[in-house]
Amino acid sequence: TEGIFSLIFYLLLYSRIILQGMNYTYKKDNVYLLLPVIGYLIQAFFNISVIEVAPIFFIALGLLVDREEDVNIYRVYFKRLLDIVFSIIFIILLCPLFLIIIFCKKVIDKDQVFYVQVRTGKNGKNFNIYKFDELPQLLNILKGEMSFVGPRPWIVDYYKLFNDEQKLRVEVSPGITGLAQINGRNSINIFKKIEYDLEYVNNYSFFMDLKIIVKSIKAVFINDG
């Protein structure tokens, strides 16, 4: 990691990945121009040495490019990894709130802590979803039954009525939020929701998930849908 040859190598690596991203810019809504920006922001925030560590980050992001001839590394590895990391982080951060709600429900209301319901998960496998609001679903994410982003898990009665095409919506893990949720949620009918779910299953990527999360947060704050 020292010397002019390493520096030249890394600069060439950065240039190649940036150019590769720009190649797909006009096909992919300009998102790949964000790669170097994201990289440098993370380096600055965590005080990471650009020369020593950055190539790993840029290579990882470069592998996220969705081309038919490439293995989609995000779908295979990174999506689940990010789910695990961020579910642990949010569970730790929200632990005080969890304890307050649990105390209120158990001691004051003398009610059960979690509302538990059976839902259809990935590949049609049923699982118990946890609620008092949506927060306990972080536990479902950590267990691998859900993801932050994906088609919402429905009750098992719906799955029994799906045709073969509609059943494709369970080829991925269900999510806390999804494409249907940022495009109308309860204001659209069930068939339109399934259309959005199938669109997500066929096209999901790191940047689509990021876009859905940002729009979901915005919808919550402005009370939209």
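Fair warning: this is a prediction, and the values are worked out from it, not measured in the lab.

1. A word on the overall build of the protein chain
Counting its secondary structure elements, the protein chain contains nine helices and four strands. In sequence order, the secondary structure elements of the protein chain are arranged as α-α-α-α-α-β-β-α-β-α-β-α-α. Taking all 225 residues of the protein chain together, the buried fraction comes to 37%. Sequence separation of at least 24 residues holds for 61% of the intrachain contacts in the protein chain that already meet a minimum separation of 6.

2. What to know about empty space enclosed by the protein
Applying the stated rule across the entire model yields one cavity of 30 Å³ or more. Of the voids in this model, the largest cavity is the one considered here, and its volume is about 40 Å³. Considering the residues around the largest cavity, the lining is formed by Thr-120, Gly-121, Pro-151, Arg-152, Pro-153, Trp-154, Arg-169, Val-170, Val-172 and Pro-174. Residues belonging to the lining of the largest cavity are distributed by class as follows: six nonpolar, two polar and two charged.

3. Some points on helix H9 (residues 206–221)
When the terminal C-alpha atoms of H9 are compared, their 23 Å separation across 16 residues agrees well with the 22 Å that a helix rising 1.5 Å per residue should span. Burial in H9 covers these residues: Phe-206, Phe-207, Met-208, Asp-209, Ile-212, Ser-216 and Ala-219.

4. Details of a nonpolar patch on the surface
Together, Leu-81, Val-85, Phe-86, Ile-89, Phe-90 and Leu-93 make up a nonpolar patch on the protein surface, roughly 510 Å² of accessible area in all. Within the element layout of this structure, Ile-89 appears in helix H4 (residues 73–93). Overall, Ile-89 belongs to the partly exposed group, its relative accessible area being 36%.

5. Points about the environment of Asn-72
Relative to the elements of secondary structure, Asn-72 occurs in the loop between helix H3 (50–62) and H4. You can call Asn-72 buried: its relative accessible area is 16%. Asn-72 sits 133 residues away from Ser-205 along the chain, and the two C-alpha atoms are 8.4 Å apart.

Definitions and cut-offs
- Residues numbered from 1 in each chain as written.
- Predicted model: local features only at pLDDT ≥ 70, side-chain atom pairs only at ≥ 80, totals over all residues.
- Heavy atoms only, no water.
- Helix = DSSP H or I, 4+ residues; strand = E, 2+ residues; numbered from the N terminus.
- Buried < 20%, exposed > 50% of the residue type's maximum accessible area, 1.4 Å probe, protein only.
- Contact = heavy atoms within 4.5 Å.
- 1 Å grid on protein atoms, 1.4 Å probe; cavity = no way out; pocket = protein on both sides within 12 Å on 5 of 7 lines; lining within 4 Å.
- Points joined across faces, edges and corners; volume = space filled by probe spheres on them.
- Nonpolar A, V, L, I, M, F, W, Y, C, P; charged D, E, K, R; others polar.
- Expected span 1.5 Å × (residues − 1).
- Patch = residues over 30% accessible without salt bridge, like charges linked within 9 Å, V, L, I, M, F, W, Y side chains within 5 Å.
- Areas by Shrake-Rupley, 256 points an atom, 1.4 Å probe, with all protein chains shown as cover.
- Salt bridge = Lys/Arg side-chain N within 4 Å of Asp/Glu carboxyl O.

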